[in-house]
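# Architecture at a glance
What follows is the residue order along each chain.
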Amino acid sequence: MQAGKNAAASIKEAVANVGASAKSGMDKTKAVVQEKIEKMTAHDEAKKEMAGERKDQKIQEAQENKQQGYVENAASKEAKRVQVSAETHGQVTEGVVRSHPVGTSNPMGGAHNPRSGSTVQTGYGTGGGYS
């Protein structure tokens, strides 16, 4: 169960990272388009140069936002991992699956074979014997 929850947290982190990357890409594209519009409408070189500087600044900001998103997503995943570990009360052994003894639910104490010739009726089986 813990592995499943950790896998789910990893998938959520990956999806969130894809979202952060996509938003960053859109912001960068928007900055480039705005720069081109400002350069076309600008009448002097100073304004054209300022448009280029604003574009570079917006691209840098988008990249920083993406990296911050990655850090937040990783922190969220780690918090979920710690929560899952705490839910198991520290009884986690990596790679070990708990099991129950086989056949202990039978009142006779062992595994029940309805065709073994036992005279005790447990209500199990089809009622037929070996043919």
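Our subject is the structure that appears above.
Quick look at the structure, then. These numbers come from a predicted model, not from an experiment. (Residues numbered from 1 in each chain as written. Predicted model: local features only at pLDDT ≥ 70, side-chain atom pairs only at ≥ 80, totals over all residues. Heavy atoms only, no water.)

To continue, consider the pattern of salt bridges. Counted by the stated rule, this structure contains six salt bridges. The shortest N-O distance in the salt bridge between Asp27 and Lys23 comes to 3.2 Å. Placement of both Asp27 and Lys23 in helix H1 (residues 2-41) is noted, with a separation of four residues, approximately one turn of the helix. Salt bridges linked by common partners bring Glu35, Lys39, Lys55 and Asp56 together as one network. (Salt bridge = Lys/Arg side-chain N within 4 Å of Asp/Glu carboxyl O. Helix = DSSP H or I, 4+ residues; strand = E, 2+ residues; numbered from the N terminus.)

Let's shift gears to the side chain of Asn73. Mapping Asn73 onto the fold places it in helix H2 (residues 45-87). Owing to a relative accessible area of 16%, Asn73 belongs among the buried residues under this scheme. When neighbours within four sequence positions are excluded, Asn73 is seen to be in contact with Glu13, Ala16 and Asn17. (Buried < 20%, exposed > 50% of the residue type's maximum accessible area, 1.4 Å probe, protein only. Contact = heavy atoms within 4.5 Å.)

To continue, consider a negative patch on the surface. Negative charge collects at one region of the surface, where Asp44, Glu45, Glu49 and Glu53 lie side by side. The topology assignment puts Glu53 in helix H2. In this structure Glu53 comes out as partly exposed when scored by relative accessible area, which is 48%. (Patch = residues over 30% accessible without salt bridge, like charges linked within 9 Å, V, L, I, M, F, W, Y side chains within 5 Å. Areas by Shrake-Rupley, 256 points an atom, 1.4 Å probe, with all protein chains shown as cover. Lys, Arg positive; Asp, Glu negative; His and termini not counted. Charge placed at Lys NZ, Arg CZ, Asp CG, Glu CD.)

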